[in-house]
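# Structure assessment
So you can see what is in the structure, the chains are spelled out below.
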Amino acid sequence: MNVTHWPLYGLRLRTPRLELRLPSTEELDALAQLSLAGVHDPGTMPFAVPWTDLPPAERARSVMQFHWRAMGNWTPEDWDLQLCVFVDGAVVGTQGVGGRNFAILKEVHTGSWLGRDHQGQGIGTEMRAAVLDLAFAGLNAESAVTAAMADNAASNAVSRKLGYQPAGLARTRVRDALGYEQRFTMDRERWAERRPVPVEIAGLALCLPLFGL
């Protein structure tokens, strides 16, 4: 997709197995459809915002609206890049990376989910590595932070595997109960030492003003 006034549509992140990019409307609809098959065991809630508890049709619409809001609310001072993750051309999940006052703070935050059929294959590690490389190698970030529920073993395992350091627990509401988020942080030097997969970044130069750079 070639969009002159929204060059983020030309941004591509590629790893040995994955391509990450903004989706077309049809691809975003495919992501919404993927959410209907489930993202996690319904007996647990791995997200601080329990969006997967919505009835199926509302859940699918919420996925699309979330991505549209991220683009609609974008400013160079407060941006949230929500990329679809593709394997062999098929949508398997979504990976986000965002920053507030990034030009000054040089810090990003991340969040993601995968369809259940695509979990447990290392895709979550590879797609997070892609946006971390965008942040550190492409945007010259100094720090990356992330958080997951303390009992979300899969997400926390990805953070540890990539080299994040634990940064304490935070109290949060999960459904109608008290929960705890495990926070993690990664600095530029630690990422440079690890970089578990090669990442190709294409189309970034035209996007830099949108990131406040």
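Above this text is the structure in question.
Along each chain, the written sequence defines residue order, and numbers are assigned to residues from 1. Side-chain atom pairs in this predicted model are given and counted only at pLDDT of 80 or more, local residue features only at pLDDT of at least 70, and totals for whole chains, interfaces and linings cover all residues. The side-chain numbers reported here are obtained from all heavy atoms of the structure, hydrogens and water having been left aside.

### A few points about the overall build of the protein chain
Basically, it comes down to this: Secondary structure counts use DSSP, requiring at least four H or I residues in a row for a helix and at least two E residues in a row for a strand, with both numbered from the N terminus. Every radius of gyration here is taken over C-alpha atoms, with the globule rule written as 2.2 Å times N^0.38, N being the number of residues. Summary of the burial criterion: residues with accessible area below 20% of their type's maximum are buried, those above 50% are exposed, and those between are partly exposed, where the area comes from a 1.4 Å probe applied to protein chains only. We call two residues contacting when some pair of their heavy atoms lies within 4.5 Å. Working definition of accessibility: Shrake-Rupley area with a 1.4 Å probe, residue cover restricted to the visible protein chains. Charge convention: Lys and Arg are scored as positive, Asp and Glu as negative, and His as well as the terminal groups of each chain are ignored. Taken as the charge centre is NZ of Lys, CZ of Arg, CG of Asp or CD of Glu, depending on the residue.
A count of helices and strands for the protein chain gives six helices and nine strands. Whereas a compact globule of 213 residues would reach a radius of gyration of roughly 17 Å, the protein chain reaches 16 Å, a difference of no more than 12%. The dimensions of the protein chain, computed from C-alpha atoms along their principal axes, are 45 × 40 × 30 Å. Put simply, the protein chain has 213 residues, and 48% of those count as buried. Considering only contacts in the protein chain between residues 6 or more positions apart, those separated by 24 or more positions represent 65%. Of the roughly 10700 Å² of accessible surface on the protein chain, 53% is carried by carbon and sulfur atoms. Each charge class in the protein chain can be summarised by its mean position, and for the 21 positive and 23 negative side chains these summaries are 3 Å apart.

### Re the state of the cysteines
Using the following cut-off: When two cysteine sulfur atoms are found within 2.5 Å, that pair is recorded as a disulfide.
For the structure shown, the criterion picks out zero disulfides. Summary of cysteine pairing: Cys-84 is not part of a disulfide, and the nearest cysteine sulfur, belonging to Cys-207, is at 16 Å. By relative accessible area, which is 0% here, Cys-84 ends up buried. By relative accessible area, Cys-207 is classed as buried at 0%.

### Re the sheet that holds strand E9 (residues 200-202)
Rules: Pairing between strands is defined by DSSP: at least two bridges between the two strands are required. Axis lines are fitted through C-alpha atoms, for helices just across the contact stretch, and the angle between N-to-C directions can take any value from 0 to 180 degrees.
Within the open sheet, the nine strands sit side by side as E7-E8-E6-E5-E4-E3-E2-E1-E9. Their pairing is mixed. This sheet does not close on itself; its edge strands, each paired only once, are strand E7 (165-174) and E9. Averaged over all pairs of adjacent strands, the angle between strand axes in this sheet comes to 25°, irrespective of strand direction. Pairing between strand E3 (residues 78-87) and strand E4 (residues 90-100): ten bridges, direction antiparallel. For Asp-80, the partnering residue across the bridge sits in E4 and is Gly-98. Contacts between helix H1 (residues 25-36) and the sheet are confined to strand E2 (18-21), E3, E4 and strand E5 (107-114), with E4 contributing the most and set at about 100° to the helix. Across the sheet, helix H2 (residues 56-72) is in contact with E3, E4 and E5; its angle to E3 comes to roughly 130°.

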